[in-house]
Amino acid sequence: MPAPEQGPRAFTAIVNPAAGDSASASSLITLARLLREAGADVAVEYSRGLGHAHDVARAAAGTGRVVLGVGGDGMVGCVGGALAGLDTGKDGAGKGAVFGIVPAGRGNDFARQLGVPSDPEELAKLLLEGEPRAVDAIEANGTPVLGSVYAGVDAVANDNANNTRLLRGSAAYYVGALRAIISWRPADYLITVDGESFARKGYTVVAANSGYYGFGKHIAPDARVDDGLLDVVLIRSAPKKLFFSVMRELEDGSHVRRPEVEVMRGREVRIELTGPPGRTLPYGADGELPGVLPVTARVMPGALRVLAP
(Lines give C-alpha, C1' and ligand atoms only; values in the text may rest on other atoms or scores of the structure.)
Protein backbone atom coordinates (compact mmCIF):
# COMPACT_ATOMS: atom_id res chain seq x y z
CA MET A 1 0.00 0.00 0.00
CA PRO A 2 1.36 3.51 -0.74
CA ALA A 3 2.97 5.29 2.18
CA PRO A 4 0.41 7.46 4.03
CA GLU A 5 2.36 10.66 3.55
CA GLN A 6 2.26 10.20 -0.21
CA GLY A 7 -1.55 10.30 -0.34
CA PRO A 8 -3.61 8.58 -3.01
CA ARG A 9 -1.94 7.75 -6.29
CA ALA A 10 -2.27 9.98 -9.32
CA PHE A 11 -3.28 8.24 -12.56
CA THR A 12 -3.13 9.05 -16.24
CA ALA A 13 -5.45 6.76 -18.19
CA ILE A 14 -4.63 6.39 -21.89
CA VAL A 15 -7.68 5.19 -23.76
CA ASN A 16 -8.10 3.53 -27.12
CA PRO A 17 -11.60 4.77 -27.99
CA ALA A 18 -11.99 2.13 -30.72
CA ALA A 19 -11.14 -0.95 -28.64
CA GLY A 20 -13.92 -3.43 -27.91
CA ASP A 21 -16.50 -1.42 -29.89
CA SER A 22 -15.88 1.63 -27.65
CA ALA A 23 -15.99 -0.48 -24.47
CA SER A 24 -12.76 1.21 -23.34
CA ALA A 25 -14.31 4.61 -22.84
CA SER A 26 -17.46 3.29 -21.18
CA SER A 27 -15.62 0.90 -18.85
CA LEU A 28 -13.36 3.69 -17.64
CA ILE A 29 -16.29 5.82 -16.42
CA THR A 30 -17.11 3.62 -13.43
CA LEU A 31 -13.46 2.93 -12.62
CA ALA A 32 -12.51 6.61 -12.73
CA ARG A 33 -15.41 7.48 -10.43
CA LEU A 34 -14.28 4.88 -7.88
CA LEU A 35 -10.69 6.11 -8.00
CA ARG A 36 -11.74 9.75 -7.59
CA GLU A 37 -14.08 8.90 -4.72
CA ALA A 38 -11.04 7.42 -2.99
CA GLY A 39 -9.22 10.74 -3.42
CA ALA A 40 -7.10 9.85 -6.44
CA ASP A 41 -6.29 12.30 -9.22
CA VAL A 42 -7.35 10.77 -12.56
CA ALA A 43 -6.49 12.36 -15.89
CA VAL A 44 -7.81 10.84 -19.12
CA GLU A 45 -6.04 11.01 -22.49
CA TYR A 46 -7.65 9.68 -25.65
CA SER A 47 -5.11 8.14 -27.98
CA ARG A 48 -4.83 9.46 -31.52
CA GLY A 49 -2.68 6.45 -32.43
CA LEU A 50 -0.01 4.20 -30.95
CA GLY A 51 2.73 6.78 -31.39
CA HIS A 52 0.71 9.38 -29.51
CA ALA A 53 -0.09 6.86 -26.75
CA HIS A 54 3.61 6.04 -26.41
CA ASP A 55 4.58 9.69 -25.98
CA VAL A 56 1.78 10.46 -23.51
CA ALA A 57 2.70 7.41 -21.41
CA ARG A 58 6.34 8.40 -21.07
CA ALA A 59 5.50 12.01 -20.31
CA ALA A 60 3.02 11.04 -17.58
CA ALA A 61 5.41 8.51 -16.04
CA GLY A 62 8.12 11.18 -15.99
CA THR A 63 6.01 13.20 -13.55
CA GLY A 64 5.51 10.22 -11.24
CA ARG A 65 1.96 9.34 -12.28
CA VAL A 66 0.72 5.76 -12.57
CA VAL A 67 -0.01 5.16 -16.25
CA LEU A 68 -3.08 3.11 -17.14
CA GLY A 69 -3.41 1.35 -20.49
CA VAL A 70 -7.15 1.21 -21.24
CA GLY A 71 -8.14 -1.09 -24.08
CA GLY A 72 -7.09 -4.37 -25.64
CA ASP A 73 -3.70 -5.95 -26.06
CA GLY A 74 -2.57 -3.49 -28.73
CA MET A 75 -3.03 -0.47 -26.46
CA VAL A 76 -1.81 -2.31 -23.36
CA GLY A 77 1.28 -3.49 -25.23
CA CYS A 78 1.97 -0.02 -26.60
CA VAL A 79 1.64 1.77 -23.25
CA GLY A 80 3.41 -0.94 -21.27
CA GLY A 81 6.13 -1.14 -23.90
CA ALA A 82 6.66 2.63 -23.65
CA LEU A 83 7.30 2.24 -19.92
CA ALA A 84 9.45 -0.93 -20.04
CA GLY A 85 12.89 -0.17 -18.71
CA LEU A 86 12.02 3.49 -18.11
CA ASP A 87 13.73 4.83 -14.98
CA THR A 88 11.79 7.88 -13.87
CA GLY A 89 13.57 8.40 -10.57
CA LYS A 90 10.12 8.86 -9.06
CA ASP A 91 8.52 6.84 -6.27
CA GLY A 92 11.96 6.02 -4.93
CA ALA A 93 15.37 6.56 -6.51
CA GLY A 94 16.19 4.16 -9.29
CA LYS A 95 12.68 2.76 -9.59
CA GLY A 96 10.89 2.66 -12.91
CA ALA A 97 7.47 3.77 -14.05
CA VAL A 98 4.36 2.13 -12.61
CA PHE A 99 1.87 0.64 -15.07
CA GLY A 100 -1.75 -0.39 -14.61
CA ILE A 101 -3.99 -2.34 -16.97
CA VAL A 102 -7.67 -1.66 -17.53
CA PRO A 103 -8.77 -4.65 -19.65
CA ALA A 104 -11.35 -3.24 -22.06
CA GLY A 105 -10.59 -4.85 -25.42
CA ARG A 106 -11.62 -8.09 -27.08
CA GLY A 107 -8.62 -10.24 -26.22
CA ASN A 108 -7.18 -8.87 -22.95
CA ASP A 109 -4.59 -11.64 -23.08
CA PHE A 110 -1.83 -9.98 -21.06
CA ALA A 111 -4.32 -9.00 -18.36
CA ARG A 112 -5.55 -12.61 -18.32
CA GLN A 113 -2.02 -13.90 -17.82
CA LEU A 114 -1.46 -11.53 -14.88
CA GLY A 115 -4.86 -12.16 -13.30
CA VAL A 116 -5.90 -8.50 -13.54
CA PRO A 117 -9.63 -8.27 -12.68
CA SER A 118 -12.12 -6.63 -15.02
CA ASP A 119 -14.67 -5.87 -12.29
CA PRO A 120 -14.39 -2.10 -11.60
CA GLU A 121 -14.47 -2.38 -7.80
CA GLU A 122 -11.85 -5.12 -7.67
CA LEU A 123 -9.69 -3.28 -10.19
CA ALA A 124 -9.97 0.03 -8.33
CA LYS A 125 -8.81 -1.62 -5.11
CA LEU A 126 -5.85 -3.17 -6.92
CA LEU A 127 -4.85 0.14 -8.52
CA LEU A 128 -5.17 2.10 -5.28
CA GLU A 129 -3.56 -0.37 -2.88
CA GLY A 130 -1.55 -2.89 -4.91
CA GLU A 131 2.23 -3.03 -4.84
CA PRO A 132 4.00 -2.87 -8.23
CA ARG A 133 5.18 -6.26 -9.44
CA ALA A 134 8.23 -6.60 -11.68
CA VAL A 135 7.49 -8.51 -14.88
CA ASP A 136 9.44 -9.20 -18.06
CA ALA A 137 8.92 -7.57 -21.44
CA ILE A 138 10.19 -8.44 -24.92
CA GLU A 139 12.34 -6.34 -27.21
CA ALA A 140 11.22 -7.19 -30.76
CA ASN A 141 13.54 -5.72 -33.41
CA GLY A 142 14.30 -2.96 -30.94
CA THR A 143 10.70 -2.22 -29.87
CA PRO A 144 9.49 -3.27 -26.39
CA VAL A 145 6.28 -5.34 -26.35
CA LEU A 146 4.65 -7.38 -23.61
CA GLY A 147 2.92 -10.62 -24.50
CA SER A 148 4.37 -12.44 -27.49
CA VAL A 149 5.96 -12.21 -30.91
CA TYR A 150 4.58 -14.59 -33.54
CA ALA A 151 5.19 -15.32 -37.20
CA GLY A 152 3.05 -17.63 -39.26
CA VAL A 153 -0.57 -18.39 -40.05
CA ASP A 154 -1.61 -16.40 -36.95
CA ALA A 155 0.06 -13.22 -38.20
CA VAL A 156 -1.52 -13.74 -41.63
CA ALA A 157 -4.90 -14.18 -39.92
CA ASN A 158 -4.25 -10.95 -38.03
CA ASP A 159 -3.49 -9.19 -41.32
CA ASN A 160 -6.63 -10.61 -42.94
CA ALA A 161 -8.76 -9.41 -40.01
CA ASN A 162 -7.27 -5.91 -40.22
CA ASN A 163 -8.15 -5.74 -43.91
CA THR A 164 -11.71 -7.04 -43.53
CA ARG A 165 -14.23 -4.23 -43.90
CA LEU A 166 -17.51 -6.12 -43.54
CA LEU A 167 -16.78 -7.82 -40.21
CA ARG A 168 -15.40 -6.54 -36.92
CA GLY A 169 -14.06 -7.91 -33.67
CA SER A 170 -13.79 -11.65 -33.09
CA ALA A 171 -15.85 -12.43 -36.20
CA ALA A 172 -13.27 -10.66 -38.38
CA TYR A 173 -10.46 -12.59 -36.69
CA TYR A 174 -12.15 -15.99 -37.06
CA VAL A 175 -12.92 -15.41 -40.74
CA GLY A 176 -9.41 -14.08 -41.26
CA ALA A 177 -7.99 -17.17 -39.54
CA LEU A 178 -10.05 -19.50 -41.70
CA ARG A 179 -8.85 -17.76 -44.87
CA ALA A 180 -5.26 -17.93 -43.65
CA ILE A 181 -5.41 -21.65 -42.86
CA ILE A 182 -7.13 -22.63 -46.10
CA SER A 183 -4.57 -20.79 -48.22
CA TRP A 184 -1.55 -21.65 -46.04
CA ARG A 185 1.57 -23.14 -47.58
CA PRO A 186 4.13 -24.57 -45.13
CA ALA A 187 6.82 -22.03 -44.27
CA ASP A 188 10.50 -22.89 -43.91
CA TYR A 189 11.82 -21.34 -40.71
CA LEU A 190 15.27 -20.93 -39.24
CA ILE A 191 14.80 -20.48 -35.50
CA THR A 192 17.82 -19.52 -33.39
CA VAL A 193 17.42 -19.84 -29.63
CA ASP A 194 20.32 -18.51 -27.56
CA GLY A 195 22.72 -19.15 -30.45
CA GLU A 196 21.51 -22.65 -31.36
CA SER A 197 19.74 -22.87 -34.74
CA PHE A 198 16.91 -25.16 -35.80
CA ALA A 199 15.51 -25.55 -39.33
CA ARG A 200 11.80 -26.32 -39.21
CA LYS A 201 8.79 -26.36 -41.55
CA GLY A 202 5.47 -25.40 -40.08
CA TYR A 203 2.47 -23.18 -39.41
CA THR A 204 3.84 -20.71 -36.88
CA VAL A 205 6.55 -19.84 -34.39
CA VAL A 206 5.60 -17.97 -31.21
CA ALA A 207 8.09 -16.41 -28.79
CA ALA A 208 5.91 -16.04 -25.71
CA ASN A 209 6.38 -14.04 -22.54
CA SER A 210 2.67 -14.41 -21.70
CA GLY A 211 0.97 -17.76 -22.13
CA TYR A 212 -2.08 -16.29 -23.89
CA TYR A 213 -2.59 -14.71 -27.30
CA GLY A 214 -5.21 -14.44 -30.04
CA PHE A 215 -8.35 -13.91 -27.92
CA GLY A 216 -7.62 -16.28 -25.04
CA LYS A 217 -5.70 -19.03 -26.84
CA HIS A 218 -3.35 -20.70 -24.31
CA ILE A 219 -0.48 -21.02 -26.78
CA ALA A 220 2.29 -21.37 -24.17
CA PRO A 221 0.71 -22.84 -21.01
CA ASP A 222 4.00 -22.99 -19.08
CA ALA A 223 5.11 -19.43 -19.89
CA ARG A 224 5.70 -17.07 -16.97
CA VAL A 225 6.11 -13.32 -17.09
CA ASP A 226 8.79 -13.22 -14.40
CA ASP A 227 11.20 -16.07 -15.21
CA GLY A 228 13.55 -14.19 -17.57
CA LEU A 229 12.78 -16.62 -20.41
CA LEU A 230 10.69 -16.81 -23.55
CA ASP A 231 8.74 -19.96 -24.36
CA VAL A 232 9.19 -20.72 -28.06
CA VAL A 233 6.25 -22.70 -29.45
CA LEU A 234 6.50 -24.18 -32.94
CA ILE A 235 3.54 -25.81 -34.67
CA ARG A 236 5.06 -28.02 -37.33
CA SER A 237 3.60 -28.94 -40.69
CA ALA A 238 0.64 -31.29 -40.47
CA PRO A 239 -2.48 -32.06 -42.49
CA LYS A 240 -4.90 -29.15 -42.24
CA LYS A 241 -7.54 -31.38 -40.67
CA LEU A 242 -5.12 -32.11 -37.84
CA PHE A 243 -4.24 -28.42 -37.55
CA PHE A 244 -7.89 -27.60 -36.83
CA SER A 245 -7.71 -30.11 -33.96
CA VAL A 246 -4.63 -28.32 -32.66
CA MET A 247 -6.51 -25.01 -32.88
CA ARG A 248 -9.30 -26.38 -30.67
CA GLU A 249 -6.75 -27.60 -28.13
CA LEU A 250 -5.28 -24.10 -27.85
CA GLU A 251 -8.22 -23.25 -25.62
CA ASP A 252 -6.81 -25.29 -22.72
CA GLY A 253 -3.14 -25.66 -23.71
CA SER A 254 -3.35 -29.40 -24.33
CA HIS A 255 -1.87 -28.97 -27.83
CA VAL A 256 1.65 -29.01 -26.38
CA ARG A 257 1.33 -32.77 -25.84
CA ARG A 258 1.08 -33.38 -29.58
CA PRO A 259 4.22 -34.51 -31.45
CA GLU A 260 3.54 -31.78 -34.04
CA VAL A 261 4.14 -29.11 -31.37
CA GLU A 262 7.65 -28.32 -30.18
CA VAL A 263 8.48 -26.09 -27.20
CA MET A 264 11.87 -24.52 -26.51
CA ARG A 265 13.01 -21.81 -24.07
CA GLY A 266 15.60 -19.10 -24.24
CA ARG A 267 16.48 -15.47 -23.63
CA GLU A 268 16.94 -14.49 -27.27
CA VAL A 269 15.03 -15.88 -30.24
CA ARG A 270 15.54 -15.04 -33.89
CA ILE A 271 12.91 -16.15 -36.41
CA GLU A 272 13.83 -16.14 -40.10
CA LEU A 273 11.96 -17.26 -43.18
CA THR A 274 14.11 -19.32 -45.56
CA GLY A 275 11.47 -20.47 -48.04
CA PRO A 276 9.64 -20.93 -50.31
CA PRO A 277 11.70 -18.55 -52.50
CA GLY A 278 10.31 -15.05 -52.89
CA ARG A 279 7.88 -15.36 -50.00
CA THR A 280 7.54 -12.80 -47.22
CA LEU A 281 5.76 -13.34 -43.93
CA PRO A 282 4.52 -10.76 -41.40
CA TYR A 283 5.22 -11.04 -37.73
CA GLY A 284 2.86 -9.92 -35.00
CA ALA A 285 3.39 -8.52 -31.51
CA ASP A 286 0.61 -7.86 -28.98
CA GLY A 287 -2.01 -7.94 -31.73
CA GLU A 288 -0.17 -5.46 -33.96
CA LEU A 289 1.84 -6.17 -37.14
CA PRO A 290 5.11 -4.22 -36.92
CA GLY A 291 6.79 -5.72 -40.00
CA VAL A 292 7.96 -8.82 -41.82
CA LEU A 293 10.50 -11.49 -40.95
CA PRO A 294 13.21 -11.70 -39.77
CA VAL A 295 12.56 -10.69 -36.18
CA THR A 296 14.76 -10.97 -33.12
CA ALA A 297 12.99 -11.18 -29.75
CA ARG A 298 14.99 -10.64 -26.56
CA VAL A 299 13.61 -10.92 -23.06
CA MET A 300 13.85 -7.80 -20.89
CA PRO A 301 13.93 -9.30 -17.38
CA GLY A 302 11.91 -7.38 -14.78
CA ALA A 303 11.66 -4.37 -17.10
CA LEU A 304 8.13 -3.32 -16.16
CA ARG A 305 6.54 -2.53 -12.79
CA VAL A 306 2.87 -3.37 -13.09
CA LEU A 307 0.00 -3.27 -10.60
CA ALA A 308 -1.10 -6.90 -10.74
CA PRO A 309 -2.00 -9.63 -8.23
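Residues numbered from 1 in each chain as written. Predicted model: local features only at pLDDT ≥ 70, side-chain atom pairs only at ≥ 80, totals over all residues. Heavy atoms only, no water.

Caption draft 1: View of the environment of G287. Within the secondary structure, G287 is located in the loop between β13 (282–285) and β14 (288–292). In the structure, G287 is positioned 132 residues away from A155 in sequence and 8.6 Å away in space, judged by C-alpha atoms. Setting aside chain neighbours within four positions, we find G287 in contact with Y150 and N158. (Helix = DSSP H or I, 4+ residues; strand = E, 2+ residues; numbered from the N terminus. Contact = heavy atoms within 4.5 Å.)

Caption draft 2: Region of interest: the nonpolar core. Of all hydrophobic cores here, the largest spans 53 residues; its most connected members are F11, L35, L68, L83, F99, I101 and L114. No other element matches the six residues that helix α3 (residues 73–83) contributes to this core. The residues contacting I101, other than those within four sequence positions of it, are G69, V76, F110, A111, L114, V116, L123 and V306. Counting 49 residues, the second largest nonpolar core, distinct from the first, contains A172, V193, L250 and V295. (Core = buried A, V, L, I, M, F, W, Y, C linked by side-chain atoms within 4.5 Å. Buried < 20%, exposed > 50% of the residue type's maximum accessible area, 1.4 Å probe, protein only.)

Caption draft 3: Just the packing of helix α2 (residues 50–62) against α3, in detail. Put simply, α2 and α3 touch, their axes get as near as 8 Å, and they point 45° apart. Here α2 is positioned oblique relative to α3, judged by the angle of their axes. Every pair of crossing elements has a handedness; the one defined by α2 and α3 is right-handed. Residues L50, A53, H54, A57, R58 and A61 of α2 form the contact with α3, whose own contacting residues are G74, M75, C78, V79, A82 and L83. Split into classes, the residues belonging to the contact of α2 with α3 amount to nine nonpolar, two polar and one charged. (Axes fitted to C-alpha atoms, helices over the stretch in contact; angles between N-to-C directions. Parallel < 35°, antiparallel > 145°, perpendicular 65-115°, else oblique. Left-handed = near helix turned anticlockwise from the far one by under 90°. Nonpolar A, V, L, I, M, F, W, Y, C, P; charged D, E, K, R; others polar.)

Caption draft 4: Representation of the pattern of salt bridges within the structure. In this structure the tally under the stated criterion is 16 salt bridges. Residue E251 is joined to K217 by a salt bridge in which the shortest nitrogen-to-oxygen separation is 3.5 Å. One end of the pair, E251, is in the loop between α8 (240–249) and β11 (261–266); the other, K217, is in the loop between β9 (196–208) and β10 (230–236), with 34 residues separating them in the sequence. Classification of K217 by relative accessible area gives buried; the value is 8%. Connected through salt bridges with shared partners, the residues R133, R224 and D226 form a single ionic network. (Salt bridge = Lys/Arg side-chain N within 4 Å of Asp/Glu carboxyl O.)

Caption draft 5: The confidence of the model for the chain, seen in detail. In this model, the chain carries a mean pLDDT of 90, and residues with pLDDT of at least 70 account for 91%. Per-element averaging of pLDDT across the chain places helix α7 (residues 169–182) at the bottom with 80 and strand β8 (residues 187–193) at the top with 98. Counting contacts from residues 90–94, a segment whose pLDDT is below 50, to residues more than four positions away or on other chains yields ten contacts. (pLDDT = per-residue confidence, 0-100.)

Caption draft 6: Local environment of α2. With 13 residues, α2 extends 18 Å from end C-alpha to end C-alpha; this agrees with the ideal 18 Å at 1.5 Å per step. Residues of α2 that are buried: H52, A53, V56, A57, A60 and A61. Buried residues in α2, looked at end-on, bunch into an arc of 155°, giving them a common side. Facing away from the buried surface of α2 by more than 90 degrees, the exposed residues are D55 and A59. (Expected span 1.5 Å × (residues − 1). Arc of directions from axis to C-beta.)

Caption draft 7: How the structure looks around the environment of P309. Tracing the backbone shows P309 in the segment after β15 (295–307). The spatial distance from the C-alpha of P309 to the C-alpha of G216 is 19 Å, given a sequence separation of 93 residues. Discounting residues that sit within four places of it in the chain, P309 has contacts with L114, G115, V116, L126 and R133.

Caption draft 8: Looking closely at the pairing of β9. Sheet topology note: the strand β7 (residues 148–152)/β9 ladder contains five bridges and is antiparallel. Along β9, the bridge assignment pairs V149 with A207. Where β8 lies against β9, seven bridges are found, and the strand directions are antiparallel. Of the residues in β9, the one forming a bridge with D188 is K201. Between the antiparallel neighbours β8 and β9 lie two residues, among them D194 with a positive phi of about 50°. (Pairing = 2+ DSSP bridges.)

Caption draft 9: Broad picture of helix α5 (residues 120–129). Those residues of α5 lying buried are L123, A124, L126, L127 and L128. For α5, the side-chain oxygen to backbone nitrogen distance between the N-cap and E121 is 3.2 Å, and the N-cap itself is D119. (Polar contact = N/O pair within 3.5 Å; in protein donor to acceptor, adjacent residues only side chain to side chain.)

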